[in-house]
Amino acid sequence: MTGTPLQTEAHGARPSPDTGTMTPSSQEILLFTRYPQPGKVKTRLVPQLGETEAVRIHSLLTRRTVQVARRASRHNNTDLIVCHTGGTSEEMRNWLGSDIQIVRQRGRDLGQRMATAFQDAWSRGTRSAILIGSDCAGLDAPLLEQALELIRHNDLVLGPAADGGYYLIGLRAGMDRNQETALFSHISW
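Position numbers for residues count from 1 along each chain, tracking the sequence in the order it is written. Restriction of local features to residues with pLDDT of at least 70 applies here, the model being predicted, together with a cutoff of 80 or more for giving and counting side-chain atom pairs; totals for whole chains, interfaces and linings are based on all residues. Based on all heavy atoms of the structure, the side-chain values leave hydrogens and waters out of the count.

Trainee: I'm lost on the pattern of salt bridges in this one. Help?
Mentor: Where charged atoms from two side chains of opposite charge come close, those side chains can pair. Salt bridge criterion: a side-chain nitrogen from Lys or Arg within 4 Å of a carboxyl oxygen from Asp or Glu. For the structure on display, the rule yields 8 salt bridges. Salt-bridge contacts for R124 lead to E28; the nearest nitrogen and oxygen are separated by 2.7 Å. One end of the pair, R124, is in the loop between α4 (110-123) and β7 (128-132); the other, E28, is in strand β4 (residues 27-34), and 96 residues separate them in sequence. Exposure class is identical for R124 and E28. Each is buried. In this text, helices come from DSSP runs of H or I with a minimum length of four residues, and strands from runs of E with a minimum of two, each type numbered from the N-terminal end. In this scheme, a residue with accessible area under 20% of its type's maximum is buried, one over 50% is exposed, and one in between is partly exposed, where area comes from a 1.4 Å probe on protein chains only.

Trainee: How do you make sense of the packing of helix α2 (residues 51-75) against helix α5 (residues 141-151) when you look at a structure like this?
Mentor: When two helices pack together, their arrangement is given by the angle between the helix axes and by the axis-to-axis distance. Simply put, an axis is a line fit to the C-alpha atoms, just over the touching stretch for a helix, and the angle between two N-to-C directions goes from 0 to 180 degrees. Two elements in contact, α2 and α5, have axes separated by 8 Å at closest approach and are oriented at 45°. Judged by the angle between their axes, α2 and α5 are oblique. In this structure, α2 meets α5 at a crossing whose hand is right-handed. Across from V68, A69, R71, A72 and H75 in α2, the residues of α5 making contact are A141, L144, E145 and L148. For classification purposes, an angle smaller than 35 degrees is called roughly parallel, one larger than 145 roughly antiparallel, one from 65 to 115 roughly perpendicular, and anything else oblique. Each crossing gets its hand from how the near helix is turned against the far one by less than a right angle, where anticlockwise is left-handed and clockwise is right-handed. Whether two residues are in contact is decided by their heavy atoms, any of which lying within 4.5 Å being enough.

Trainee: What exactly am I supposed to notice about the nonpolar core here?
Mentor: Where a protein is soluble and globular, its nonpolar side chains tend to be buried together. Buried residues of nine kinds, namely Ala, Val, Leu, Ile, Met, Phe, Trp, Tyr and Cys, make up a nonpolar core once their side-chain atoms join them within 4.5 Å. In this structure, I29, I130, I132, L144 and L168 are the most contacted members of the largest nonpolar core, which totals 27 residues. Only β4, α2, β5 (79-85), α3 (89-96), β7, α5 and β9 (166-172) provide two or more residues apiece to this core. Per-element tally for this core: the top contributor is α5, with 6 residues. Residues in contact with L144, not counting those within four places in the same chain, are V68, A69, A72, I130, I132, L139 and L168. Counting residues in hydrophobic clusters, the runner-up holds 18 residues, among them M114, A117, A121 and F184.

Trainee: Could you clarify how one ought to interpret α3 in this entry?
Mentor: Side chains three or four residues apart in an α-helix point the same way, a direct result of the helix having 3.6 residues per turn. Restricting attention to buried positions, one finds in α3 the residues M92, W95 and L96. All buried residues of α3 lie within an arc of 75° about the axis, which places them on one face of the element. Exposed residues on α3 whose side chains face more than 90 degrees from its buried face are E90 and N94. Buried residues along α3 sit against β4, α2, β5 and β6 (101-104). Note that the arc is computed from the directions linking the helix axis to the C-beta atoms.

As structure tokens, then:
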């Protein structure tokens, strides 16, 4: 992923998702992750490494991604919101820090959960958002900052991955809802 260029396509205060307090930014970094539980994270690694090591790797990657996202969000006055499955908000804060906004992912599959995360961002008044996973070791703050700048002026920003997927997707509010929905539909996740 390192060195893979981002791709683009041209086309106020709001409540925090977890606390209801007002936050000032018009952009969000949405970080998708799972609470580290044996048998629930990095399951493809379990046959070779075991559940304990898979949880350890997941936890290290997630903590690193949170640190990178924190740096980028602070530098750009952007909210960082951790969207999780598994665990409670309290468990997530104990694991990743009490300064993080936490929301539970909602939806039947990954595509629906991502689409819902963006729709929730728009309902909070966010103008643009980038969504990342928690296990991309090559992701760094300058790349996130570049994506945040690009999404201010483009409807879509993609960080393409070598496997044909993407490591980052950014959207701007106001994109045609049918186009936005199509980005996350009819994909075998």
